Amino acid sequence: YYGFGERYNSINQIGNYLDCFVYNQYRDQGTKTYMPMPYYITDNNYGLNIETDFYTTFDLKKESEKSVKIMIEVEHENPEVSINLLTGSMKEMISQYIKQTGEPALLPSWAMGPWMSSNNWDRDSVVREQIDLTNELEIPATVIVLEQWSDETTYYMFNDAQYPLLEDGKVHSYEDMTFPEWGRWPNPKELVEHCHDNGLKFILWQIPICKYLNQQKHPLKDQDEAFMINNQFVVQTEDGKPYRMPENWFTDSLLMDFTNEEAKKWWFDKRQYLIDIGVDGFKTDGGEMVYGKDVRFSDGSTGNQMRNRYPQSYVDSYYQFAQQNNGMTFSRSGYRGAHKSPAHWAGDERSTFSAFKRQLIAGSNSGVSGIIFWGWDLAGFNGDIPSAELYMRSSSVAAFCPIMQYHAESKGEFNQDRTPWNIAERTGQKEVIDV
């Protein structure tokens, strides 16, 4: 039994119990996944594709060696569900599945080169220094990803940017903003141009929330939050109150409702200036944030329906937005049909050989499940740097993945960057750069 989306535990799932529930598991994911799919193929010339957004489970001869059990949740008002039989060779069944879920979108050619990324790159001067080093050492790169660029409050304003507070519902253009020389980003437009001049496309990190700040105040964010609540731009509870996420990454924050066209227009108008200065795409993180069956969306969908569907609503919206610059998204979560809004990466992992193995398993399962454009943080993302051997072996494998990216978590006692030059310097093994 192969498929089931991006799974980290095994290629062949015989003897396992799996469920299809979009889930944020930080490291050691096992059977839990950001990108499940109620679909499988077998080596016995048949498979199944279940057309549902609801919760499903698969008991693959775990309870009894004599039977496979599949459970599909349905609505009381609409108990029907389509189960499509797939037949033939594995290639033929994967092709049938792709045709049933939609043709994949093609990435721009620049996405196929090596990507540069680190959470430590939090200011203009650091970004330029890293670009200089990749040029000096003649290490090819075609994309740079910045996660630590925004104010971590609105998630669409550059850190240290200054701007007037406009009327409710109004949006800032780039010309409305000033970027002080002492700030972390003194000239974002010029930095984007500098990256382009050096052959690098420019991708910025995003998250689909309005952040809960507890007792802190932020005039623009507070204005946005009030506007979103008053206009019902956020996901709501069954009794019409704003839904606040009860657990995990951004507890008590509000969740953007991408099924609301008016809300979506306002949300992306706020970010239009990023497209205008040349941003090429967005790292659409998160998306695993719908908890509870009674959550309500603008189009009438419930939390039961949207737990798995929400990532597609979120990512597809950003993907279409990025097409203004022939851009792309780079997403962690997804569900059936995720290949229509490429690309995807495998979430957060340690820098160990066992984690490396789990990532390769996840990539193989993703490919069998139709996720063509996939990658992972080569040699890991979390904790101290990998060994030189792990880094070199990971680089060699990543070169044959559609997305080849190094990325690092955050500052530690020593430089945690997974750049070739930092690994070479910290391990004392210069061959890392040649490899």
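Because the structure is a prediction, the values reported are computed rather than measured. (Residues numbered from 1 in each chain as written. Predicted model: local features only at pLDDT ≥ 70, side-chain atom pairs only at ≥ 80, totals over all residues. Heavy atoms only, no water.)

**What about the packing of aromatic side chains?**
No. 1: Scanning the model with the defined rule gives 36 aromatic pairs in all.
No. 2: Consider the rings of Phe 258 and Phe 268, whose centres lie 6.2 Å apart with planes at 45 degrees: the pair is tilted. Placement of the pair is Phe 258 in the loop between strand 12 (254–255) and helix 5 (261–276) and Phe 268 in helix 5, with a sequence separation of 10 residues. Summarising the burial analysis for this pair, Phe 258 and Phe 268 share the class buried.
No. 3: The ring of Trp 345 carries the charged tip of Lys 283 above its face, separated from the ring centre by 4.5 Å.
No. 4: Sitting above the plane of the Phe 21 ring, Arg 307 keeps its charged end 4.0 Å from the centroid. (Phe/Tyr/Trp six-rings, centres within 6.5 Å; stacked < 30°, edge-to-face > 60°. Helix = DSSP H or I, 4+ residues; strand = E, 2+ residues; numbered from the N terminus. Buried < 20%, exposed > 50% of the residue type's maximum accessible area, 1.4 Å probe, protein only. Lys NZ or Arg CZ within 6 Å of the ring centre and 35° of its normal.)

**A word on the sheet that holds strand 5 (residues 56–60)**
No. 1: Pairing is antiparallel in the open sheet, where three strands are placed in the order 2-5-6. Every interior strand has two partners, whereas the edge strands, strand 2 (17–20) and strand 6 (68–72), have only one. Within this sheet the neighbouring strands show an average axis-to-axis angle of 10 degrees, counted without direction.
No. 2: As defined by bridge partners, strand 2 adjoins strand 5 across four bridges and the pair is classed as antiparallel. Across the sheet, residue Cys 20 finds its bridge partner in strand 5, namely Thr 56. (Pairing = 2+ DSSP bridges. Axes fitted to C-alpha atoms, helices over the stretch in contact; angles between N-to-C directions.)

**Re a nonpolar patch on the surface**
No. 1: On the surface, Val 74, Val 81 and Ile 83 cluster together to form a nonpolar patch covering roughly 210 Å² of accessible area.
No. 2: Following the sequence through the fold, Val 74 ends up in the loop between strand 6 and strand 7 (82–87). (Patch = residues over 30% accessible without salt bridge, like charges linked within 9 Å, V, L, I, M, F, W, Y side chains within 5 Å. Areas by Shrake-Rupley, 256 points an atom, 1.4 Å probe, with all protein chains shown as cover. Salt bridge = Lys/Arg side-chain N within 4 Å of Asp/Glu carboxyl O.)

None of the figures reported here should be taken as evidence of function without further support.
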